[in-house]
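Fold and geometry: a report
So the chains spell out like this:
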Amino acid sequence: MPTITIDGQEIVVAEGTTVIQAAEKLGIYIPRYCYHPGLSIAGSCRLCMVEIEKMPKLQISCHIRVQDGMRVTTNSEKAVQARRAMLEFLLIDHPLDCPVCDQSGECELQNFYMEIGRYDSRFLDNKIKRKKAYPIGPHVILDQERCILCSRCVRFTDEVSRTHELGIFERGDRSVIDLYPGKRLDNKYSGNVIDICPVGALLERDFRFQCRVWYLQSQESICNGCARGCNTQIHYNTARPYKSQGRRILRLRPRFNPFVNRWWLCDEGRYGYEFINKNRIEYPYLRQAGQLELSDWDAALEETTRALKTALEQYGPESIGVIASPQLSNEDLYLIRKIFGELMGVKDIGFKSPWEKPGYQDDFLIRADKNPNSRGAEEMGLTSDVRTILESTGAGRIKVLYVFQHNFNAPEALELLRDTSVIIYQGTNWNQTAERAHVVLPSATYAEKDGTFTNFEGRIQRFRRAVPPLEESKTDFEILSLLAERLEYPLVYSDPGDLYMEWRGQSYEEMDPYGEMLG
Amino acid sequence: MPIVKLVSEYFGNEQARNLDWYQKHGGYAAARKALFEMTPKQVTEEVIKSNLRGLGGAGFPTGKKWSFVPETDDLPKYLAVNADEAEPGTFKDRYILEWDPHRLIEGIIICSWAVGIHQAYIYIRGEYVRPYRILKAAVDEAYQKGILGERVLGKDFKLDLHIHRGAGAYICGEETGLLESLEGKKGWPRLKPPFPAVVGLFKCPTVINNVETLAHLRCIIERGGEWFADLGVDRNGGTRLFALSGHVKRPGVYELPMGTPFRELIYEHGGGIVGDRRLKAVIPGGISAPVLRADQVDIPMTFDDLNKAGSMLGSAGVVVMDETVCMVEAMHTVAEFFAHESCGQCTPCRHGTGWVYRIVSRILEGHGSEDDLGTLMHAANYMTGTSICALSEGASMAYRGFLTQFPEEFKYHVRHGKCDVKEKRQAVA
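Residues numbered from 1 in each chain as written. Chains lettered and ligands numbered in written order. Predicted model: local features only at pLDDT ≥ 70, side-chain atom pairs only at ≥ 80, totals over all residues.

1. A few points about the overall build of chain A
Rules: Secondary structure counts use DSSP, requiring at least four H or I residues in a row for a helix and at least two E residues in a row for a strand, with both numbered from the N terminus. Every C-beta atom is placed from the backbone, and the number of other C-beta atoms within 10 Å of a residue's own sets its class: buried at 20 or more, exposed at 12 or fewer, partly exposed in between. Each residue is represented by a C-beta atom placed from its backbone, and any two residues with such atoms within 7 Å are regarded as in contact.
Along chain A, the regular secondary structure elements total 15 helices and 23 strands. Viewed in the frame of its principal axes, chain A has a C-alpha envelope of about 90 × 50 × 40 Å. Burial statistics for chain A: of 519 residues in total, 49% are counted as buried. Here the contacts in chain A between residues at least 6 apart in sequence split such that 65% fall between residues at least 24 apart.

Written as structure tokens, this is what we have:
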């Protein structure tokens, strides 16, 4: 394996490693536009040029491979001057409309210019006009003037999504990114071009003008859109709720995980966060005289406790059914198993709705199972058949049905639920189950709590609270803990981390950042 | 030095396009000799001995280029003939294609035999309609008479030759841009390494040679590499076609031994300057080559001597400019060309060419400043050594040529907002 020296630091890397990758291993970040680790090498922006001993010309570090004994200087005067010249070239036809550009604040053109740019412009001529603010698909809007033609988006649609919508047309300084005739950028992964665009050329229609990026806060999370468990960042803003129509979650961005989603996220997941902001159950409700009436936690929990206790005393644990949800975290499911299974003695605990049809699936990221934690629920052994539970409800054996999150809107399910004496619904959003419930307990979404999901491959991945639970909703952990207290079950968990520790014998902090495999 | 007619032997001879006539006059004898009497290795050695260099402009030793192709047979090997002659001032290949297409086909057979190639492509400039028709007829005839195809000249050696017409982009003359275009893609030059000799057309080993380079092979095989090398000087073997244009009395294509001075080409063969005016400048090798001043015309025309003089022999397209030419205007024309033809793939060329063109246009309109001259030089400097292919380098060299060879003219323009040459010209008229 070759040994190479970069900026005075020696490193041994595998044969075939490029200099830019070797530098990254040493923590040296070489400026780049066209280079992206998930795409082929274009070598066209010429920003990553470095000086290499015994080579008269500067070399692009994204393309040149390490050789034993190579000595590289990334920030020599020559390299920096050349980089500065490239930046000046790139700004020649750039509109410099940063004040109205959504990328401002996370723009690589701004960033590198801040570092090494030439501040006084000597460009005195007219700039070339191109198409601006031009929607090219349901999620993406294009500004050709801001584009620096790094071709990342073109390579993404050619190599990753393999949908071939984008190309570079014309030549010389008239070159532009555009759609091929008759095409729209409408594929399952179109949002990724926004992430990889280093400048403000490709922007998110959903996010545009909603919030300046420097007001965004960020939290690591896991997408709950399907069983893949793509790693995400939740970008949110709690400080300025009067902006963005009160939208707290403003966008999702993929977070690199080499074993799960690499750099990517599907549009379904990226734009599937609306439920966090909309149609939420904000307060506890109790059914009174046939109507769901606004209530409070004390009353709702009291009613839940009473119903459960009565059923237990009169008919025993066979009279209680629990339908957990594959949307819940491992910790929540563990706690459900503990309280209902172990302490209460309930046998009928299931999670998998027989009415949920498999969705779209492909050979890349998207899974047919649209739940983030089916595997975790299976692993917890909460595998009673949900149809049987509902049938027992309809038949009158089960008196109290505790449903988490599920929307039982299938005619068959509605029919089975019709005569259930007590339905306790614990969930995040209004749905048909909630509307039929006797007690409605508002819970927090995954963005409002801590926990882990186990993806379909058995990888346990941690997500964290980005924003507090909306209004009076509480995390499932809190609700279940309060309930356990009222049921006089002695539990000793102060947060979901304690549950994870009990389940896995490991703390959150000890988890591999890319997740832990089951077993 | 005298005109030596090797490649240009049949220029002006309508008969030579005819296969029978060509064969009757010794045509395809060299190819037969190579196929039946020489091993591929011997052919390559002869070419190495000849000091033949790539005559498309880069001047890379031809035999050496062939020897970079891996000898293994696990992948097919290809020959791409560069007939995308588009460097302004260059029109030598056109003469070969129009007057002597069989000499090219013969060269293609010799090269293919030497390297072990069974598929060859001629990438011909799209605007070359007449040369294309003539070449197409010659190739068809060669197929009919068994010179190309399953058994080349009766030998158990297969060679297919395809002609591919370009669509009008200068960049497709850059060898890897040519390969991309041949593969049906946008003619964007590739990153090197890998070089085409190893990963070329359709990801297979590929030789890319210029028309004239291949046309020289007949004489080299007929009369030996040493004989050819002796015609030239040092490491610049044989003769070369010089395309002479501009303010000369007899423009045209002249075949001269390497090492002939420009003065001889311009004044003896070209008959001197039109109207017997004074010579001002010479672009020695297509417009990418930095311009020479009149006092530099005694430089011998070799790759090496011109490199020493800070210019290059390039494609040997010699453009002569007399005293009535404004150098700012000349640079403007050159800058317009490069801005128009830059493929736009890499940053320095995409923006550099456009920027330089806009600045020079402004200077020409009388709105330049001294600072602009510094900016031009800066832009030119960073277009060298930073780009994917040689287009940017060529443009940069050309710009710097004008700026450093004729600084006083540029200064006059920016100081006075007008052109003194033009004024003098009008006064003369």
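Let's pick the thread back up.
2. Description of the domain arrangement of chain A
Residues and elements named next belong to chain A. For clarity, the cut-off: For each domain, the first and last residues come from an automatic or database assignment. Lys, Arg, Asp and Glu make up the charged group, whereas Ala, Val, Leu, Ile, Met, Phe, Trp, Tyr, Cys and Pro make up the nonpolar group; the residues left over, Gly among them, are polar.
Split into domains, chain A comes out as domain 1 (3-91), domain 2 (98-277) and domain 3 (285-517). Taking only C-alpha atoms, the centre of domain 2 and the centre of domain 3 are 36 Å apart. Facing 28 residues of domain 2, the contacting portion of domain 3 comprises 27 residues. Of all the elements in the fold, those that place two or more residues in the side of domain 2 that touches domain 3 are β11 (217-222), β12 (231-236) and α7 (274-277). The greatest single-element share of the side of domain 2 that touches domain 3, amounting to four residues, is contributed by β11. Among the residues forming the side of domain 2 that touches domain 3, the class breakdown is 14 nonpolar, nine polar and five charged.

3. Describing the nonpolar core
Filter applied, for reference: Note on definitions: a nonpolar core is a set of buried residues drawn from Ala, Val, Leu, Ile, Met, Phe, Trp, Tyr and Cys, linked by C-beta atoms within 7 Å.
Counting 196 residues, the largest nonpolar core has B:Ala80, B:Val81, B:Ile108, B:Ile110, B:Val356 and B:Tyr399 as its most contacted members. Once residues within four sequence positions are removed from consideration, B:Ile110 is found in contact with B:Ala30, B:Ala31, B:Ala34, B:Val43, B:Leu217 and B:Ile221.

4. Notes on helix α11 (residues 386-395) of chain A
Residue and element names in this part refer to chain A. So the rule is basically this: What the arc describes is the spread of directions from the helix axis to the C-beta atoms.
For α11, the set of buried residues is Val386, Ile389, Leu390, Ser392 and Thr393. Buried residues of α11 fall within an arc of 155° about the axis and therefore sit on the same side. At its buried positions, α11 is contacted by β16 (320-323), β17 (349-350), β18 (400-404) and α12 (411-417). A positive phi of about 95° marks glycine 396, the residue just after α11.

5. Examining the interface of chain B and chain A
Residue-level contacts link 25 residues of chain B with 23 residues of chain A. Those elements giving two or more residues to the side of chain B that touches chain A turn out to be α14 (327-341), α15 (347-364) and α16 (370-381) of chain B. When residues of the side of chain B that touches chain A are assigned to their parent elements, the largest contribution, eleven residues, is made by α15(B). In the side of chain B that touches chain A, the residues fall into nine nonpolar, twelve polar and four charged.

6. A few points about the domain arrangement of chain B
Residues and elements named next belong to chain B. Considered domain by domain, chain B is made up of domain 1 (14-231), domain 2 (239-322) and domain 3 (327-428). If you look at the interface, domain 2 gives nine residues, while domain 3 gives twelve residues. Residue composition of the side of domain 2 that touches domain 3, by class: six nonpolar, two polar and one charged.

7. Comments concerning the sheet that holds β17(A)
Strands belonging to one sheet form pairs held by backbone hydrogen bonds; the direction of such a pair is parallel or antiparallel. Residues and elements named next belong to chain A. What counts, and what does not: Paired strands are those between which DSSP finds at least two bridges. Axis definition: a line fitted to C-alpha atoms, limited for helices to the stretch in contact. Angles are taken between N-to-C directions and run from 0 to 180 degrees.
The mixed open sheet is built from seven strands, whose spatial order is β15-β14-β20-β19-β18-β16-β17. Each having just a single partner strand, β15 (291-294) and β17 make up the two edges of the open sheet. Two elements, β16 and β18, share four bridges in a ladder whose sense is parallel. Residue pairing in the sheet places isoleucine 320 in a bridge with valine 400 of β18. Against the sheet, helix α8 (residues 297-315) engages β14 (285-288), β16, β18, β19 (422-427) and β20 (439-442), with an angle of about 125° to β20. The sheet contacts of α11 involve β16, β17 and β18, and relative to β16 the element is tilted by about 145°.

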